[in-house]
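# A closer look at the structure
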Amino acid sequence: TLEPIMNSLSELANEEIDLKILQASIGDISESDVMLAEASNAVIIGFSVGVDKSAQVRAEQSGIEIRHYDIIYKMIEDIEDAMKGMLEPIYKEVVVGHATVLQLFKLRKGVIAGCMVNDGTVKRGAIARVLRGGQEVAAGLRVEALRRFTEDVAEVRAGYECGINIGTGDSVLKEGDVIELSEKQRVR
């Protein structure tokens, strides 16, 4: 079974994560196998084999993980899942709503845009872009504060009015501007 396991494992490697097999042999897992794993910060995979008592003790002391399997496809699935967990997550920006600026209020803390939520939702912490006549005026902003009447709220849905502070001065926002809101969602 060693050869089919090696072939299956070599197919798991991709351009983002390289799978390195330090040693492949038959027989029980020995203390020298654990020492090799210690030196290279590796995981020991055993398929239908035992573990020497001294190897088990050393693995426990050094924190080396020994995984045992009796079914090839379960072993391959677990290793593939572990590799996917090592990949950097990929995020994409998804538009979650639009709000039209009805009126601007200048306060000590900055400018609050009195808005009507056209569609979707406005959430505190969302990424904001300012659109004027369909053209982008400002980007990379964040909803710093969100109010509904006198209450701080986490989100406001379509059809409701709210106050939005996106941390800009009064020179960026104008009445009639549309604030497009998005958030990053994990793809992988």
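Since the model is a prediction, treat every value here as computed from it, not as a measurement. (Residues numbered from 1 in each chain as written. Predicted model: local features only at pLDDT ≥ 70, side-chain atom pairs only at ≥ 80, totals over all residues. Heavy atoms only, no water.)

A tally of regular secondary structure across the chain gives 4 helices and 11 strands. Radius of gyration (C-alpha) of the chain: 28 Å, far over the 16 Å computed for a compact globule of 188 residues. For the chain, the C-alpha atoms occupy an extent of roughly 75 × 30 × 25 Å along the three principal directions. When contacts within the chain are restricted to residue pairs at least 6 apart in sequence, long-range pairs at least 24 apart make up 57% of them. In the form shown here, the chain has an accessible surface area of approximately 11900 Å², with 48% of it arising from carbon and sulfur atoms. Looking at the chain, you have 22 positive and 31 negative side-chain charges, and the mean spots of the two groups are 12 Å apart. (Helix = DSSP H or I, 4+ residues; strand = E, 2+ residues; numbered from the N terminus. Rg over C-alpha atoms; globule rule 2.2 N^0.38 Å. Contact = heavy atoms within 4.5 Å. Areas by Shrake-Rupley, 256 points an atom, 1.4 Å probe, with all protein chains shown as cover. Lys, Arg positive; Asp, Glu negative; His and termini not counted. Charge placed at Lys NZ, Arg CZ, Asp CG, Glu CD.)

Two quantities define a packed helix pair, namely the angle between the helix axes and the distance between the axes. Two elements in contact, helix α2 (residues 31-40) and helix α3 (residues 53-62), have axes whose closest approach is 8 Å; the angle formed by their N-to-C orientations is 20°. It follows from the interaxial angle that α2 and α3 lie roughly parallel. As α2 runs across α3, the sense of the crossing is right-handed. The residues of α3 that touch α2, namely those facing Glu-31, Val-34, Met-35 and Glu-38, are Ser-54, Ala-55, Arg-58, Ala-59 and Ser-62. (Axes fitted to C-alpha atoms, helices over the stretch in contact; angles between N-to-C directions. Parallel < 35°, antiparallel > 145°, perpendicular 65-115°, else oblique. Left-handed = near helix turned anticlockwise from the far one by under 90°.)

At Ser-48, a position not held by glycine, the phi torsion is positive, near 55°. Assignment of secondary structure puts Ser-48 in the loop between β1 (44-47) and α3. By relative accessible area, Ser-48 is classed as partly exposed at 48%. Located in the positive-phi region is Phe-149, a residue other than glycine, with phi close to 60°. Within the fold, Phe-149 resides in the loop between β7 (145-148) and β8 (151-152). Residue classification places Phe-149 among the exposed residues on the basis of a relative accessible area of 71%. (Buried < 20%, exposed > 50% of the residue type's maximum accessible area, 1.4 Å probe, protein only.)

The subject of this paragraph is the pattern of salt bridges. Going through the model one piece at a time under the given rule, you end up with 9 salt bridges. Measuring nitrogen to oxygen at the nearest pair gives 3.0 Å for the salt bridge that ties Glu-38 to Arg-58. One end of the pair, Glu-38, is in helix α2; the other, Arg-58, is in helix α3, and 20 residues separate them in sequence. Judged by its relative accessible area of 27%, Arg-58 falls in the partly exposed class. Arg-129 is the partner of Glu-136 in a salt bridge, and the nearest nitrogen-oxygen pair spans 2.6 Å. Sharing partners across several salt bridges, the network here consists of Glu-31, Glu-38 and Arg-58. (Salt bridge = Lys/Arg side-chain N within 4 Å of Asp/Glu carboxyl O.)

Of note, Ile-79 is situated in helix α4 (residues 72-86). What makes Ile-79 buried here is its relative accessible area of 9%. Separated by 34 residues in the primary sequence, Ile-79 and Ile-45 have C-alpha atoms spaced 9.3 Å apart. Apart from residues lying up to four places away in sequence, Ile-79 is in contact with Leu-9, Leu-12 and Ile-45.

Right, let's talk about the nonpolar core for a bit. A general trend in soluble globular proteins is that nonpolar side chains are found buried together. Of all hydrophobic cores here, the largest spans 22 residues; its most connected members are Cys-115, Val-143, Leu-146, Ile-164, Ile-166, Ile-179 and Leu-181. Those elements that provide at least two residues to this core are β3 (91-107), β4 (110-123), β5 (127-132), β6 (135-142), β10 (161-165) and β11 (178-186). Filtering out sequence-adjacent residues up to four positions away, Leu-146 remains in contact with Val-122, Lys-123, Arg-124, Glu-151, Asp-152, Val-153, Ala-154, Glu-155, Val-156, Cys-162, Gly-163 and Ile-164. With 10 residues, the next largest nonpolar core counts Leu-12, Phe-47, Tyr-69 and Met-75 among its residues. (Core = buried A, V, L, I, M, F, W, Y, C linked by side-chain atoms within 4.5 Å.)

The topology assignment puts Ser-25 in the loop between α1 (2-10) and α2. Classification of Ser-25 by relative accessible area gives partly exposed; the value is 45%. Taking the C-alpha atoms as reference points, Ser-25 and Leu-2, separated by 23 residues in sequence, lie 7.5 Å from one another.

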